[in-house]
Amino acid sequence: MRMKEGKLVLIGAGMVGSATLNAILAQSVVSEIVVIDANEDKALGEVLDALHTTSFAYSTNTTIRVGSYADCADASIIVMTAGPSIQAGDNDRRVLAEKNIAVMDAVMTEITRYTRSAILIVVTNPVDLVTYFAQTKYNYPADKIFGTGTLLDTARMRQLIAAQCNVDSKNVHGYLLGEHGESAFIPWSMVNVAGIPVDELPRAFGLSAALDKEKILADTKAAGLRVLKLKGFTSSGIAQSVARLVRAIVLNERCVLPVSCVLQGEYDLEQVAMSVPCVIGANGRERILEVSLLPEEQDQLAACCESLQKMLLQLGL
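Residues numbered from 1 in each chain as written. Predicted model: local features only at pLDDT ≥ 70, side-chain atom pairs only at ≥ 80, totals over all residues. Heavy atoms only, no water.

### Regarding the nonpolar core
- Ranked by internal contacts, the top residues of the largest apolar core, which has 88 residues, are Ile-11, Ile-111, Leu-120 and Val-246.
- Looking at this core element by element, the count peaks at 8 residues for helix H8 (residues 236-250).
- With residues near it in sequence (within four places) discarded, Ile-11 still touches Ile-36, Tyr-69, Ile-78, Val-79, Met-80, Thr-81, Ala-82, Val-107 and Ile-111.
- Of all hydrophobic cores here, the second largest spans 17 residues; its members include Met-157, Ala-184, Val-193 and Ile-216. (Core = buried A, V, L, I, M, F, W, Y, C linked by side-chain atoms within 4.5 Å. Buried < 20%, exposed > 50% of the residue type's maximum accessible area, 1.4 Å probe, protein only. Helix = DSSP H or I, 4+ residues; strand = E, 2+ residues; numbered from the N terminus. Contact = heavy atoms within 4.5 Å.)

Next comes the structure, spelled out in structure tokens:
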């Protein structure tokens, strides 16, 4: 079946799914959103709530409705948010991984009944493990499936650096790479503010001291957990990250974003999914960019790979 341009299927109507629905609507770039959830009443409630806003800030040209997996047949984009989220005080990622891989297995069984052509954005955590499972078990086209990975982590890092320099965070360039988790790292050789290398920021912006790189990394990693403890869940940041990816795809921006994808020899790594800079456009993950890393940064990326592969082994994947 031919894909319907601008049709997006959103799987999961929980806290993240609801926020994602509204974030995508606010972009006004898709023509149709179909919401799927095991709890059809919840899905309908979210759809009705979203519909009631379309005469205000959102585009009235976007159709929003409850649907089924059959709607994947002509969808151009599928966003997967279903599955339980980590709870405050729960640090056992293996248990969460086992639960959400089972959820992803059921979802992929349904999706692949209808399509292997739609671009599939994985949000469900642990996103690297879930993305790897979905791509490899179901042999989904590697350029059509990727996870949100460290995209939100990167935004958090940029915001922290921007606050110290008192500039717009859009002028901060650089990435958090590797695992969306504890082993993630910042390749500082790539970080700059408007082209000014990180070690020259004190001179350029009149800072009293150099950036505390270890603290910025620690605060970036802790940001999600802090929101979780204060709010009870995280939703807004990840929803905006998904909306950013959707916009890049629909408008064929060919922008460079860090997303979790299955590596097949890039950076001399394979049999793992983790975040590296990728070109995102109308065809999905159009290119993995092998950026130049310092030897110690390459070692950090390899350490992320080893950490994730260890978890995959424990999960029997």
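### Considerations on the environment of Leu-257
- Along the chain, Leu-257 turns up in strand E10 (residues 255-264).
- Excluding anything up to four places from it in sequence, Leu-257 contacts Leu-151, Arg-244, Leu-245, Val-276, Pro-277, Cys-278 and Ile-280.

### Quick notes on the state of the cysteines
- Tallied over the entire structure, the rule returns 0 disulfides.
- Not part of a disulfide, Cys-304 finds its nearest cysteine sulfur in Cys-305, a span of 8.7 Å. (Disulfide = S-S within 2.5 Å.)

### Structural notes on the packing of helix H5 (residues 151-165) against helix H7 (residues 213-231)
- Put simply, H5 and H7 touch, their axes get as near as 9 Å, and they point 130° apart. Considered as vectors, H5 and H7 are oriented oblique to each other. Of the two possible hands of crossing, H5 and H7 adopt the one that is right-handed. Across from Asp-153, Arg-156, Met-157, Leu-160, Ile-161 and Gln-164 in H5, the residues of H7 making contact are Ile-216, Asp-219, Thr-220, Ala-223 and Gly-224.
- The residue makeup of the contact of H5 with H7, split by class, is 5 nonpolar, 3 polar and 3 charged. (Axes fitted to C-alpha atoms, helices over the stretch in contact; angles between N-to-C directions. Parallel < 35°, antiparallel > 145°, perpendicular 65-115°, else oblique. Left-handed = near helix turned anticlockwise from the far one by under 90°. Nonpolar A, V, L, I, M, F, W, Y, C, P; charged D, E, K, R; others polar.)

### Looking at the environment of Thr-150
- Tracing the chain through its elements places Thr-150 in the loop between strand E6 (145-147) and H5.
- Residue classification places Thr-150 among the buried residues on the basis of a relative accessible area of 0%.
- The sequence separation of Thr-150 and Ser-76 amounts to 74 residues, and the corresponding C-alpha distance is 23 Å.
- Not counting chain neighbours up to four residues away, the residues in contact with Thr-150 comprise Leu-176, Leu-177, Gly-178, Glu-179, His-180, Pro-258 and Ser-275.

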